[in-house]
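The lines below spell out each chain.
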Amino acid sequence: MAPPRPPLSRLFTVLLAGVLAGLVLAVAALPGNLLLGVAAKAAVGSYAALPEALRTPATPQRSYLYANDGRTLITTFFDVNRTDVPLDEIAPVMGQAIVAAEDRRFYDHGGADLRGLLRAVVSNVSGGGQQGGSTLTMQYVRNVLKTDPGRTAEERAAATEQTVGRKIQEIRYATALEQRLSKDEILNRYLNIAYFGSGAYGIAAASQRYFAKSPAELTLGEAALLAGLVQSPEAYSPIDGDADAALQRRGYVLDSMVSTGAIGAEEAARARAEKLTLRPTAQPNGCTAVAEGHDDWGFFCDYLRQWWLAQPEFGATVEEREQALRRGGYTVVTSLDPKIQATAQKQATSVYSYDNKRALPIAAVEPGTGRVLAMAVNRHYSLEPNPDGQANRPNTVNPLISGGDSVVGYQAGSTFKLFTMLAALEAGKPLSTGFDAPSRLPTRYAAEGEGSCDGRWCPANANPEWMDGYRMMWDGFGRSVNTYFVWLAEQVGQEKVVEMAKRLGIAFRADADATFAENDAADWGSFTLGVTATTPLDLANAYATVAAEGTYCAPLPVVSVTAPDGQRVPVGDPSCRRVLDADVARAATDAARCPVGQQSAIKQCNGGTATSVNRILDGRPVAGKTGSSERNATETFVGFTPQVAVAGIAANPDDPTDSVGAAVQARVIDAVARVIGTAVAGQPEKAFAAPSRELVGAPRRPVERPPVEQRRPSEERRPSEQRRPSEERRPSEQRRPSPSDDQRLSDLRRWLERG
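Counting starts from 1 at the beginning of each chain's written sequence and moves along it residue by residue. A pLDDT threshold of at least 70 governs which residues receive local features in this predicted model, and a stricter bar of 80 or more applies before side-chain atom pairs are shown or counted, although totals over entire chains, interfaces and linings include all residues. Excluded from the side-chain calculation are hydrogens and water; included are all heavy atoms of the structure.

Caption draft 1: Looking closely at the overall build of the chain. Helix numbers and strand numbers start at the N terminus; a helix is a DSSP run of H or I with at least 4 residues, a strand a run of E with at least 2. Looking only at helices and strands, the chain features 29 helices and 17 strands. Contacts are residue-level and defined by heavy atoms, with any inter-residue pair within 4.5 Å sufficient. Across the chain, contacts joining residues at least 24 apart in sequence account for 73% of those joining residues at least 6 apart. Just so you have it, the chain exposes about 29600 Å², and 49% of that area is on carbon and sulfur atoms. Exposure was quantified through the Shrake-Rupley algorithm and a 1.4 Å probe, taking into account, for residues, occlusion by the shown protein chains and nothing else.

In structure tokens form, the structure reads like this:
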């Protein structure tokens, strides 16, 4: 914060008096106006030689973050709390008050008021009281140079040094500015940079800080009070300093306005009689200061800040980009949708309380743009201390939803079967690819320990009665049959499955996962069962890629970024590329209709692990997948429509060995489905496109046991481990028998005939 204006030191004023003495004696006999003209000519500098900051101001301003409606303020970032406003958006009495308080001869001089300067010198030297001799233009020069972000700290400090050379340079710069700029433009620039105390730089920040209003709404009394603060901002501040001194100073400004003819004596008397009515308003600064009652927005804000620091458009280094956010005066319309966020937060906290050791982070992404619509978790984004032994609850600033720093993510179980299915479809294997899935499948991957089969990894199905038998991709995915997908991954090649996950944006943040992906992908047999750590944001965006028919878009937290000059910064447009053939994505979506209780294009679904989703969304086209990790340490559900993809993972962020339990899976499914419902509310219903005949293939009569009633076993069977394989559980409410083989073949024939 700027200190009060220092009085001219006695030594400095003596030196300055000596410099000016010759000029005074030489022109003492000249008329006043001619005297000023000679002085101005002697001091004038070239406008072209002015520092760039004076010709094109780059004064620090705060940046604003809004939700995607462009109106809901999330927070602001600033080192210096200020925002430029044009003169026509400032009450005229404010300009009149600042002129009366600081430079009554503003409209008469040419930048340096030699008469006023000499009067100040004489008064200071003779002991008549300390006076300043700076005009508004000279003060503006000083303020710009001492706050110019393009200057070094030493150069900024030199702008306020008490030296004759600095004062003469200030006069030269001021007179050069006056030759090029109008008085109104100089006044506008001054009002936008002056320090008014209590952390408020510029009239826009001061109006909000003291009176919670815009500068256009200021009354005469309020304008006079603010104008009076500039001489000594901290001493006169009615919030942080002396309210009585502020009122006395207000009275001085009102009297000065009468002297300049700006107002009449009666107006001044009425304004002087007004009580001091303040409405102090603190501007939020940073992600821990989001709007009251919305500390959940902080996780999204932090994600946006990390994204910002990676954008070269805001600077060559991280430090420059941070400075741009805090000093650049940007208006950022983010992608955060307040309605979707509110539902996501409500659902996350309905499953677990803020103080629960377990968490449900949820992320929502828009397919086709990658825009992040919501990021919620049952935690407060806050630096407030937690009770002993509770590292991340109820307060944390760790990125539990997006990952980063020490947060590597959580196992997402069988949601990773999507990547195996995509790799198989891309390799030309149709949805009708069949396999008689056994209860336990010996593989070629070496493994030791309980449950291995003769030294080989031997995964098992969690519910053999419901999962075993002849399966194709539809019912293999719908029933989440482990042995079918491990077999399918072997046919395609595990390295292709891992590569597919990378292609769709899955990041390997855990060192062990990154090592496997880099060096041992071909032998990572359990990858398809979701043993790697991921985050809700990565997972939602991967499924959004399928929803967008194979177009991957990098996660994007903004809609637009506008610089203070009104120019759009080219960072708000989606960064998308095709990573899958559209038909491959459509085929995967066709199979992903099965888990949520809907039907594929030729009615091949015969059971699903999340059938309640169809009911919650009232039959609206939707697809998705559940996932359960070993011992139900985590429970996951991802759902998507053509308009939104949402993922939620129930886990203990501080203890991966703490199992959330199978019972919470139904609640996770319900929570994610309701977030989807809010996201698509009011939007037209969009159907998924059917896959081609080539990728459907020719389903044949399966060789399997008759359908049995589907049930959840009282104790889940755990497959033997290669690397922490996941398991799928069967929700108890699903008891629909499989459609008959004749019906399925009849549907296929009709579909083939339609072409």
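Caption draft 2: The arrangement of the packing of aromatic side chains in detail. Two rings from Phe, Tyr or Trp (for Trp, the six-membered ring) form a pair when their centres sit within 6.5 Å of each other. Planes less than 30 degrees apart are called stacked, planes more than 60 degrees apart edge-to-face, and all others tilted. Counted by the stated rule, this structure contains 21 aromatic pairs. An aromatic cluster is defined as three or more aromatic residues linked by ring pairs; in this entry it consists of Phe-416, Phe-419, Phe-508, Phe-516, Trp-524 and Phe-527. Against the face of Phe-106 rests Lys-183, its NZ or CZ located 4.5 Å from the ring centre. Both a distance and an angle decide whether a charge sits over a ring: NZ of Lys or CZ of Arg must be within 6 Å of the ring centre and within 35 degrees of the ring normal. In this arrangement the basic side chain of Lys-625 is found over the ring face of Phe-477, its NZ or CZ atom lying 5.5 Å from the centre.

Caption draft 3: Spatial organisation of the state of the cysteines. Sulfur atoms of two cysteines make up a disulfide when they are within 2.5 Å. What the rule picks out here adds up to four disulfides. Between Cys-453 and Cys-458 runs a disulfide, and the two sulfur atoms are separated by 2.1 Å. Measuring handedness by torsion sign, the sulfur bridge of Cys-453 and Cys-458 sits at about -75 degrees and is left-handed. Cys-453 sits in the partly exposed class, given a relative accessible area of 21%. Cys-594 shares a disulfide with Cys-605; S-S distance 2.0 Å. Note on the Cys-594 and Cys-605 pair: the S-S dihedral is about -75 degrees, so by sign convention the disulfide is left-handed. Remark: Cys-605 occurs in the loop between helix H25 (582-592) and helix H26 (612-616) and Cys-594 occurs in the loop between H25 and H26; sequence separation between them is eleven residues. Counting only the cysteines that take part in disulfides, in the order they occur along the chain, gives the pairing 1-2, 3-4, 5-6, 7-8. Under the scheme applied here, a residue whose accessible area is under 20% of the maximum for its type counts as buried, over 50% as exposed, and between as partly exposed, the area being computed with a 1.4 Å probe on protein chains only.

Caption draft 4: Highlighting the confidence of the model for the chain. Overall, the prediction assigns the chain a mean pLDDT of 85, with 83% of residues at 70 or greater. In this model, residues 703-741 is a region of pLDDT below 50 whose contacts with residues beyond four sequence positions or in other chains number 132 contacts. For every residue, the predictor reports its confidence as pLDDT, a number between 0 and 100.

Caption draft 5: Representation of the sheet that holds strand S15 (residues 623-628) in the model. Strand pairing is assigned whenever DSSP identifies at least 2 bridges connecting the two strands. Read from one edge of the open sheet, five strands run S5-S4-S17-S16-S15, paired in antiparallel fashion. Lying at the two open borders of the sheet, with one neighbouring strand each, are strand S5 (372-376) and S15. Across the sheet, the mean angle separating the axes of adjacent strands is 5 degrees when strand polarity is ignored. In this description, a line fitted to the C-alpha atoms serves as the axis of each element, helices being fitted only across the stretch in contact, and the angle between N-to-C directions of two axes falls anywhere from 0 to 180 degrees.

Caption draft 6: Structural view of the pattern of salt bridges. Whenever Lys or Arg places a side-chain nitrogen within 4 Å of a carboxyl oxygen from Asp or Glu, that contact is recorded as a salt bridge. For the structure on display, the rule yields 21 salt bridges. Between Glu-549 and Arg-586 there is a salt bridge whose closest N-O contact spans 2.9 Å. Taken together, the residues Glu-549 in the loop between helix H24 (536-547) and strand S12 (551-553) and Arg-586 in helix H25 connect sequence positions 37 residues apart. Measuring nitrogen to oxygen at the nearest pair gives 2.8 Å for the salt bridge that ties Glu-630 to Arg-631.

Caption draft 7: The arrangement of the pairing of strand S4 (residues 362-365) in detail. Covered by surrounding structure in S4 are Ile-362 and Ala-364 together with Ala-363 and Val-365, the residues of both alternating faces. Here four bridges tie S4 to S5, and the two strands are oriented antiparallel to one another. When the sheet's bridge partners are listed, Val-365 is paired in S5 with Val-372. Two successive antiparallel strands, S4 and S5, enclose a turn made up of six residues, where Gly-368 displays a positive phi of approximately 90 degrees. Summarising the sheet, S4 and strand S17 (residues 645-650) pair through four bridges and their orientation is antiparallel. The residue of S17 that forms the bridge with Val-365 is Ala-645.

Caption draft 8: Fine view of helix H17 (residues 338-351). Take the residue count of a helix, subtract one, and multiply by 1.5 Å to get its expected span. Across its 14 residues, H17 extends 20 Å between first and last C-alpha, which sits within 8% of the 20 Å expected from 1.5 Å per residue. Within H17 the residues assigned to the buried category are Ile-340, Gln-341, Thr-343, Ala-344, Gln-345, Gln-347, Ala-348 and Val-351. The elements touched by buried residues of H17 are helix H15 (297-308), S4, S5 and helix H27 (665-680).

Caption draft 9: Geometry of the packing of helix H13 (residues 243-260) against helix H14 (residues 265-273). For the pair H13 and H14, the least separation of the axes is 9 Å and the interaxial angle reads 170 degrees. Relative to H14, the element H13 lies roughly antiparallel. Counting all contacts with H13, which are made through Arg-250, Gly-251, Leu-254, Asp-255 and Val-258, the residues of H14 involved are Ala-265, Ala-268, Ala-271 and Arg-272. In this classification, Asp, Glu, Lys and Arg are treated as charged, Ala, Val, Leu, Ile, Met, Phe, Trp, Tyr, Cys and Pro as nonpolar, and every other residue, Gly included, as polar. Residue composition of the contact of H13 with H14, by class: five nonpolar, one polar and three charged. In this scheme, roughly parallel covers angles under 35 degrees and roughly antiparallel covers those over 145, while 65 to 115 is roughly perpendicular and the rest are oblique.

Caption draft 10: A look at the nonpolar core. In terms of nonpolar packing, the biggest core is built from 112 residues, with Trp-308 and Phe-419 touching the most fellow members. Excluding residues within four positions of it along the chain, Phe-419 makes contact with Val-497, Met-500, Ala-501, Leu-504, Ile-506 and Ala-542. In plain words, nonpolar cores are sets of buried Ala, Val, Leu, Ile, Met, Phe, Trp, Tyr and Cys residues tied together by side-chain atoms within 4.5 Å. Ala-159, Phe-196, Leu-225 and Ala-245 belong to the second largest nonpolar core, which has 60 residues in total.

Caption draft 11: Local environment of the sheet that holds strand S3 (residues 331-334). The mixed open sheet is built from four strands, whose spatial order is S2-S1-S3-S13. One side of each edge strand has no neighbouring strand; the edge strands of this open sheet are strand S2 (73-77) and strand S13 (558-562). Each neighbouring strand pair of the sheet contributes to a mean axis angle of 15 degrees, computed without reference to strand direction. Pairing of S3 with S13, which is carried by four bridges, proceeds in the antiparallel orientation. Residue pairing across strands places Thr-331 opposite Thr-562, the latter belonging to S13. With respect to the sheet, H15 is in contact with strand S1 (63-66), S2, S3 and S13, its orientation differing from that of S2 by roughly 45 degrees.

Caption draft 12: Inspection of unusual backbone geometry at higher detail. Looking along the chain, the bond that leaves Arg-393 and enters Pro-394 is cis, with omega of -5 degrees. Despite not being glycine, Asp-454 has its phi angle at roughly 55 degrees, a positive value. Its location among the elements puts Asp-454 in the loop between strand S9 (435-437) and helix H19 (464-467). Residue Asp-454 is classed as exposed on the basis of its relative accessible area, which comes to 82%. Backbone geometry at Ser-480 places phi at a positive 55 degrees, although glycine is not the residue there. Here Ser-480 lies in the loop between helix H20 (473-478) and helix H21 (482-492). By relative accessible area, which is 0% here, Ser-480 ends up buried.

Caption draft 13: Layout of helix H18 (residues 417-426). Burial analysis of H18 places nine of its ten residues in the buried class, which makes it a mostly covered element. All of the buried residues in H18 are Lys-417, Leu-418, Phe-419, Thr-420, Met-421, Leu-422, Ala-423, Ala-424 and Leu-425. One or two steps after H18, the chain reaches Gly-428, where phi turns positive at roughly 95 degrees.

Caption draft 14: The arrangement of the environment of Asp-240 in detail. Inspection of the secondary structure puts Asp-240 in the loop between helix H12 (233-236) and H13. For the pair Asp-240 and Gly-199, spaced 41 residues apart in the sequence, the C-alpha separation amounts to 10.0 Å.

Caption draft 15: Focus on the side chain of Gln-345. Topologically, Gln-345 is positioned in helix H17. Within 3.5 Å is the distance limit for a polar contact, defined as a pair of N or O atoms, with the added protein rule that one can donate a hydrogen and the other accept it, and that residues adjacent in sequence qualify only through two side-chain atoms. Within the structure, Gln-345 has its side chain in polar contact with the side chain of Tyr-354 (distance 3.2 Å).

Caption draft 16: The pairing of strand S16 (residues 635-640), seen in detail. Within S16, six of the six residues are buried, which leaves the element mostly enclosed by the surrounding structure. Along S16, one buried face is formed by Glu-635, Phe-637 and Gly-639 and the opposite face, lined by Thr-636, Val-638 and Phe-640, is buried too. Pairing of S15 with S16 involves six bridges; the strand directions are antiparallel. Within S16, the residue paired with Ala-623 across the bridge is Phe-640. Here S15 folds back onto S16, and the loop between the two strands holds six residues, one of which, Arg-631, carries a positive phi near 55 degrees. Pairing analysis gives six bridges linking S16 to S17, with the strands arranged antiparallel.

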